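An overview of the molecular structure
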Amino acid sequence: MGLPKPIEADASDRIREAQLRKEMAKREPTWEEVWFSGWISHTGTTKKAIFQTNLSNLDKERLKSIKSAIDADEIGVGVESLKKFTKAHAMRLWRDLQDQRKESVLKDMVAKTPENYRLVQTESQLEQLIVDLKEEPIIAFDTETTGLDVYNDTIVGMSLTLPRADYHVYIPVAHKTGKQLKRSVVLKALSAMLTNSNIGKVLHNAKYDMHMLLRHGVRMRGLAHDTRVAMALLNENEPSYALKNLATKYGKHFGFEDTSHTFEDLFGKTCFDEVPLDVALVYAAKDTHLTWRLYEWQRQHLQRLGKLDQLYQELENPLIEVCVDMEQCGFLIDQNYARQYGEELRSEIYQLEQSLTDHFGNINCNSPIQLSRKLYDELKLPEVNARSTDVKTLKALKDKHPGIEYLLKYRELTKLLSTYVEALPERIKSDGRIHGSFNQVATVTGRFSSNEPNLQNLPTNARKLIIAPPGKLLIGSDFSQIEPRVLAHISGDKHLQEPYLNGQDLYSTLASRVFKKPIEECGDGSKYRKMMKVGLLACMYGTSMFTLASQLTITVEEAHEFIGDFYKTYPQVHSFIKDTHELVKENEYVETLYGRKRRFPGHRQKAKVYDSLVKQICEILGVEELPLNVWRNKDIPRNLKRKFYEVKGDVESARRQSVNAIIQGTAADVMKRAMLNLYQYCSRRGWALCGTVHDEALMMVDDTVTECDVKEIEACMTSAASLDVPLKVDTEIMQRWGEGVKKGEWFASAA
DNA sequence: AGGGCGAGCCAC
DNA sequence: AAACGTGGCTCGCCCT
């Protein structure tokens, strides 16, 4: 092998190298990057140019030849040690460099501690702080803790920004080293301020700090602004809402030019109570400082946007403490039931496994790869759906092999067991409850999400693990058909509103009109009603004719005709959808009824291209409307097709999402408003709102609850919005979630 | 060993 | 060529 020719690094190479270094600082690099970077450091920058070249400039072949040249001792450039430069060596070097970098960064940070960052370590300093706080109508606040578990970790320090006095403090209370006050002393001194709802607090992700303060018995009031929640309203597409990432990205707009380092960067896995106070001060005080600046910047934008500000002030901000209380409430798990049910499932699964081995041999049925090999290669089952092994495909193959039904049952039971029946009890905290978290700003449409565990996707059988504590009952109130009602309101379609105003069944009425059948033939369980229900949902979700056809087991042409008839009968629904597409093309965003925005950056240009291509295609074919299948149409030129499919996916996806975001988002707004009403009502009664599943609110109430109380609960929800159609709420009462009884029956049997 | 990712599946 | 919107969790598989 010949000696690789040195590659001269020019200025642009060096720039790219710097970029690579920057990239490497942000994420765990691949070992090749490490190897190369370490190599550069190891050899020094004065060595041959070949070593100064950016890795990304070397094609794979060249890199390989260089490596093997080194291995074969063919590179004799005076870097003898290089041939011993192994991966392990590189990683070690990398870590050393990182540590050195960390240390020097920390040293540098401490040296540059701003003058108005102060530690509060003594009684007199604390007293002075309390005095100064009396002059502040609004402050920024943050806690530093031993970890991220709000039910087990503890506060090790607190930082505050005093905007009027123009200084920032860090109050260590549980650091392992350094002079500091006791946590109880500090909290006692601060509690008047923290619990005073007239003193505004600005926090980043307040829910977390509020939980933490509750760990030490302090209920924070007067949350004025949460920069994380507000950021989600200002840009629902933000890739990360971590304070440091927001500072890096937007800092230049509010005077934070330097990129801040994340906790991980600086401290890795070290617990914050081990961090020396001088470092802790500059890190922690900067957090509230940053939060405050971010707040001021966000205020400008919210005020400019008006409606969004109102949404924040009236809805999202008050909802934060509702979330805190919901999470604190938690869900009680029936542990005996869980054990017993788990055993039942395990034995049933064991038997199914025996049958599966008989049918399919010794394979792992949980593995799609092994399963598809068995089903399609060995057993030669027809590949109805491209070798897929999902439920839908398996159901289609049910008649083809006797083992499939066992497989389906096995899927169902193992899912239930592993994801729910075994997993939920593992999350039980010391109070016997699970405390999942609810996130009000995790979805782009404004709906709630839930995790650790997700309480919004429990199947009925898993919900049965959750019970009301003694003396309590669970109440589940759900909005009936909220999304169609929102559509009826927003589209303004009088015909769609009619059944709601007259108390008729929506889908039967729709079906009767669209299919031109007497209402008797469109009743509950009729095929027309079923079709209509699927069809309406398809319109709200923007389903393609292909999918709709397969759902209804009709042809694409029939589906197209069906939707055409629907739009003809309900023209305002059609125009709402078309108008929305136009609107999103023009503005690149849509809004819910309450001003929540869903943005589609870059859509305008793509939509223009898309529309002009549609026009061209229609002209060539001499038709008004785009044909159902463009790809197979022989009359359309190839390059036109190619251009069309380049933008088709993105544009149609944005259009579907825009229509859906208005409907789903408005429904979410209404639910959030309802939750505020319910929270107030429940608090007054000493009850608890404990969760939400999109259109349903869950409450924990005394078992003395009356029919009248339930009416008030429902009123809290129906009065949440005044639409052109009435809102309807159905309520179930239960001791065990998943075994609910309609309110009517409950009170009838109680009497 | 542990992270990333896709398949699959649960909910509305 | 892809085919329905919003989520989160577990598993197998593949990678380092």
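Residues numbered from 1 in each chain as written. Chains lettered and ligands numbered in written order. Predicted model: local features only at pLDDT ≥ 70, side-chain atom pairs only at ≥ 80, totals over all residues. Heavy atoms only, no water.

The name given to chain A in an unreviewed UniProt entry is DNA polymerase I, and the organism recorded there is Heliobacterium mobile. On record in UniProt, under Catalytic activity (unreviewed entry), the comment for chain A is "DNA(n) + a 2'-deoxyribonucleoside 5'-triphosphate = DNA(n+1) + diphosphate". Quoted verbatim from the Sequence similarities (unreviewed entry) heading of the UniProt record, the comment on chain A is "Belongs to the DNA polymerase type-A family." (UniProt positions renumbered as here; feature names shortened; annotations may be inferred.)

It is worth spelling out empty space enclosed by the protein at this point. Inspection of every chain in the model, using the stated rule, returns five cavities of 30 Å³ or more. Space inside the largest cavity adds up to approximately 90 Å³. (1 Å grid on protein atoms, 1.4 Å probe; cavity = no way out; pocket = protein on both sides within 12 Å on 5 of 7 lines; lining within 4 Å. Points joined across faces, edges and corners; volume = space filled by probe spheres on them.)

Moving on to the UniProt feature "domain: DNA-directed DNA polymerase family A palm" (unreviewed entry) in chain A. When the UniProt feature table is mapped onto this chain, "domain: DNA-directed DNA polymerase family A palm" (unreviewed entry) is found at residues 462–705. Secondary structure across residues 462–705 comprises 61% helix and 11% strand; the distance between its end C-alpha atoms is 25 Å. (Helix = DSSP H or I, 4+ residues; strand = E, 2+ residues; numbered from the N terminus.)

This part is about the protein's contact with DNA strand B. Residues in close proximity to DNA strand B total 16 residues, the closest being Thr 389, Val 391, Arg 411, Arg 447 and Asn 457. When atoms of DNA strand B within 4 Å of the protein are sorted by moiety, sugar and phosphate together comprise 82%. Within the backbone of Val 391, a nitrogen or oxygen atom sits 3.0 Å from a phosphate oxygen of DNA strand B. The side chain of Asn 457 places a nitrogen or oxygen atom 2.7 Å from a base oxygen of DNA strand B. Here the element with the most residues in the surface near DNA strand B is helix H16 (residues 404–421); it accounts for three residues. Residue composition of the surface near DNA strand B, grouped by class: five nonpolar, five polar and six charged. (Near = heavy atom within 4 Å. Polar contact = N/O pair within 3.5 Å; in protein donor to acceptor, adjacent residues only side chain to side chain. Nonpolar A, V, L, I, M, F, W, Y, C, P; charged D, E, K, R; others polar.)

It is worth spelling out the pattern of salt bridges at this point. By the definition in use, this model includes 35 salt bridges. The salt bridge partner of Lys 249 is Glu 238, with a shortest N-O separation of 2.9 Å. Of this pair, Lys 249 sits in helix H9 (residues 243–250) while Glu 238 sits in the loop between helix H8 (227–234) and H9, and the two are 11 residues apart along the sequence. Asp 650 is the partner of Lys 606 in a salt bridge, and the nearest nitrogen-oxygen pair spans 2.9 Å. Here the residue Lys 606 occupies a position in helix H26 (residues 603–621), and Asp 650 occupies one in helix H27 (residues 638–685), the gap between them amounting to 44 residues. Looking at Asp 650, the relative accessible area reads 43%, which means it is partly exposed. A network of salt bridges, in which partner residues are shared, links Arg 219, Arg 221, Glu 321 and Asp 325. (Salt bridge = Lys/Arg side-chain N within 4 Å of Asp/Glu carboxyl O. Buried < 20%, exposed > 50% of the residue type's maximum accessible area, 1.4 Å probe, protein only.)

Structurally, chain A comprises domain 1 (11–109), domain 2 (113–304), domain 3 (332–434), domain 4 (443–483 + 667–750) and domain 5 (484–652). Measuring from the centre of the C-alpha atoms in domain 2 to the corresponding centre in domain 4 gives 35 Å. (Domains from an automatic or database assignment.)

Let's shift gears to the pairing of strand E15 (residues 688–692). Burial of E15 is extensive: four of the five residues sit out of reach of the surface. Joining the antiparallel neighbours E15 and strand E16 (residues 696–702) is a turn of three residues, in which His 694 adopts a positive phi near 65 degrees. (Pairing = 2+ DSSP bridges.)

Quick look at the pairing of strand E17 (residues 729–734) now. Note that strand E12 (residues 472–479) and E17 share six bridges and pair antiparallel. Looking at the pairing, Leu 474 lines up with Met 734 of E17. Alignment of E17 against strand E18 (residues 741–742), held across two bridges, turns out to be antiparallel. Among the inter-strand pairings, Ile 733 is bridged to a residue of E18, identified as Val 741. Hairpin remark: E17 followed by E18, antiparallel, with six residues in the connecting loop; positive phi at Gly 738, about 95 degrees.

Strands in a sheet are paired, the pairing made by backbone hydrogen bonds, and the direction either parallel or antiparallel. The sheet built from five strands is open, its strands ordered E15-E16-E12-E17-E18 with antiparallel pairing. Strands at the two margins of the open sheet, each flanked by one partner only, are E15 and E18. Bridge count for E15 against E16 is four bridges, and the pairing is antiparallel. Paired with Thr 692 across the two strands is Ala 697, which belongs to E16. Relative to E15, helix H12 (residues 307–329) is tilted by about 95 degrees, and along the sheet it contacts E15 and E16. (Contact = heavy atoms within 4.5 Å. Axes fitted to C-alpha atoms, helices over the stretch in contact; angles between N-to-C directions.)

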